[in-house]
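One letter stands for each residue in the lines below.
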Amino acid sequence: METNRLSAEMQDILISQMTKEAEAAQIYLALGVWADDQGYGGIANFLYRHAQEERNHMTKIMGYILERGGRPRIQAISAPPADPKTLTECFQRVFKHEVDNTEAIYTIVNLSMEQKDWATWNFAQWFVKEQIEEEKLALELIDKLKIAGGDRASDESLFALDSSLESMPDDVALAREGTADDPK
């Protein structure tokens, strides 16, 4: 008896999204390393936390596939792109990446509607809401940098921006806090 409640196409697109989330984690990790190397510890910390959030998203999708009787496959991910040259480029990459991810989530939503897979449609709504928040956060990064003076910002302005990102609430659970029962 077949117990997989996901169509082959839906399972494949969800696996693709898992991979996209893993790649996102690597991109944010690479951007964090770049920021850390440039002396922006607060920005780096923000990006490192965001990398963990993306890994959590990957795990959430993996768990959903398993709950629906499917079998997630772990796929290879691409290497992150070359380091940005400026903070503006770094923050623009964050925004572009989030917009691309939103489009991928919409593809899942559209397929779930087409297939009348209401369980997956319902599951995907969490990601739709999450992407609204992610895009808003990315736009706020760009706006804060513009207010600070963009790529011509003073050291004092950049220090204030870096400090504000470092002191942002950290609501992302660390990997070491995860358990087999609650991977976070």
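Residues numbered from 1 in each chain as written. Predicted model: local features only at pLDDT ≥ 70, side-chain atom pairs only at ≥ 80, totals over all residues. Heavy atoms only, no water.

**Remarks on the nonpolar core**
Soluble globular proteins: nonpolar side chains tend toward being buried together. Residues Ile43, Leu47, Leu87 and Phe91 are the most contacted members of the largest nonpolar core, which totals 24 residues. Elements represented by at least two residues in this core include exactly helix H1 (8–37), helix H2 (41–67), helix H3 (87–114), helix H4 (118–148) and helix H5 (155–166). Ignoring anything within four residues of it in the chain, the contact list for Ile43 reads Ala35, Leu87, Phe91, Asp162 and Leu165. With 16 residues, the next largest nonpolar core counts Leu6, Ile61, Val109 and Phe127 among its residues. (Core = buried A, V, L, I, M, F, W, Y, C linked by side-chain atoms within 4.5 Å. Buried < 20%, exposed > 50% of the residue type's maximum accessible area, 1.4 Å probe, protein only. Helix = DSSP H or I, 4+ residues; strand = E, 2+ residues; numbered from the N terminus. Contact = heavy atoms within 4.5 Å.)

**Section: the UniProt feature "domain: Ferritin-like diiron" (unreviewed entry) in the chain**
Per the UniProt record, "domain: Ferritin-like diiron" (unreviewed entry) is annotated on residues 4–149. Taken end to end, residues 4–149 comprises 79% helix and 0% strand; its first and last C-alpha atoms sit 53 Å apart. (UniProt positions renumbered as here; feature names shortened; annotations may be inferred.)

**Topic: the environment of Phe95**
With respect to the element layout, Phe95 can be found in helix H3. In this structure the C-alpha to C-alpha distance between Phe95 and Tyr48, which are 47 residues apart in sequence, comes to 16 Å. In this structure, Phe95 is in contact with Glu135, Ala138, Leu139 and Ile142, ignoring residues within four places of it in sequence.

**What to know about the pattern of salt bridges**
As enumerated under the stated definition, the model contains five salt bridges in all. A salt bridge links Glu89 to Arg93, with the nearest nitrogen and oxygen atoms 2.7 Å apart. Residue Glu89 and its partner Arg93 are both found in helix H3; the two are separated by four residues, about one turn of the helix. Accessibility expressed as a relative area gives 22% for Arg93, which makes it partly exposed. Taking the shortest distance from any N to any O, the salt bridge between Lys136 and Glu140 comes out at 2.8 Å. Taken together, the positions of Lys136 and Glu140, both in helix H4 and four residues apart, correspond to about one turn of that helix. For Glu140, a relative accessible area of 30% translates into the label partly exposed. (Salt bridge = Lys/Arg side-chain N within 4 Å of Asp/Glu carboxyl O.)

**Some points on H2**
With 27 residues, H2 should reach 39 Å at 1.5 Å per residue; the first-to-last C-alpha distance of 39 Å fits that figure. Of the residues flanking the end of H2, it is Gly69, one or two places downstream, whose phi is positive at about 85 degrees. (Expected span 1.5 Å × (residues − 1).)

**What about a nonpolar patch on the surface?**
Together, Met113, Trp118 and Trp121 give the surface a local cluster of nonpolar side chains, amounting to about 330 Å² of exposed area. Along the polypeptide, Met113 turns up in helix H3. On the basis of relative accessible area, Met113 is assigned to the partly exposed category, the value being 44%. (Patch = residues over 30% accessible without salt bridge, like charges linked within 9 Å, V, L, I, M, F, W, Y side chains within 5 Å. Areas by Shrake-Rupley, 256 points an atom, 1.4 Å probe, with all protein chains shown as cover.)

**Quick notes on H1**
For H1, spanning 30 residues, the distance from its first C-alpha to its last is 43 Å, which sits close to the expected 44 Å at 1.5 Å a residue. Two residues or fewer after H1 comes Gly39, characterised by a positive phi angle close to 95 degrees.

**Focus: the environment of Lys20**
Within the secondary structure layout, Lys20 lies in helix H1. According to the relative accessible area criterion, Lys20 is partly exposed, its value standing at 24%.

**What to know about the packing of aromatic side chains**
Inspection of every chain in the model, using the stated rule, returns three aromatic pairs. Aromatic pair Tyr64 and Phe123: ring centres 4.0 Å apart, planes at 10 degrees, arrangement stacked. Taken together, the positions of Tyr64 in helix H2 and Phe123 in helix H4 put the pair 59 residues apart, joining distant regions of the chain. Summarising the burial analysis for this pair, Tyr64 and Phe123 share the class buried. Grouping aromatic residues by their ring pairs yields a cluster made of Tyr64, Phe123, Trp126 and Phe127. Against the face of Trp126 rests Lys60, its NZ or CZ located 4.4 Å from the ring centre. (Phe/Tyr/Trp six-rings, centres within 6.5 Å; stacked < 30°, edge-to-face > 60°. Lys NZ or Arg CZ within 6 Å of the ring centre and 35° of its normal.)

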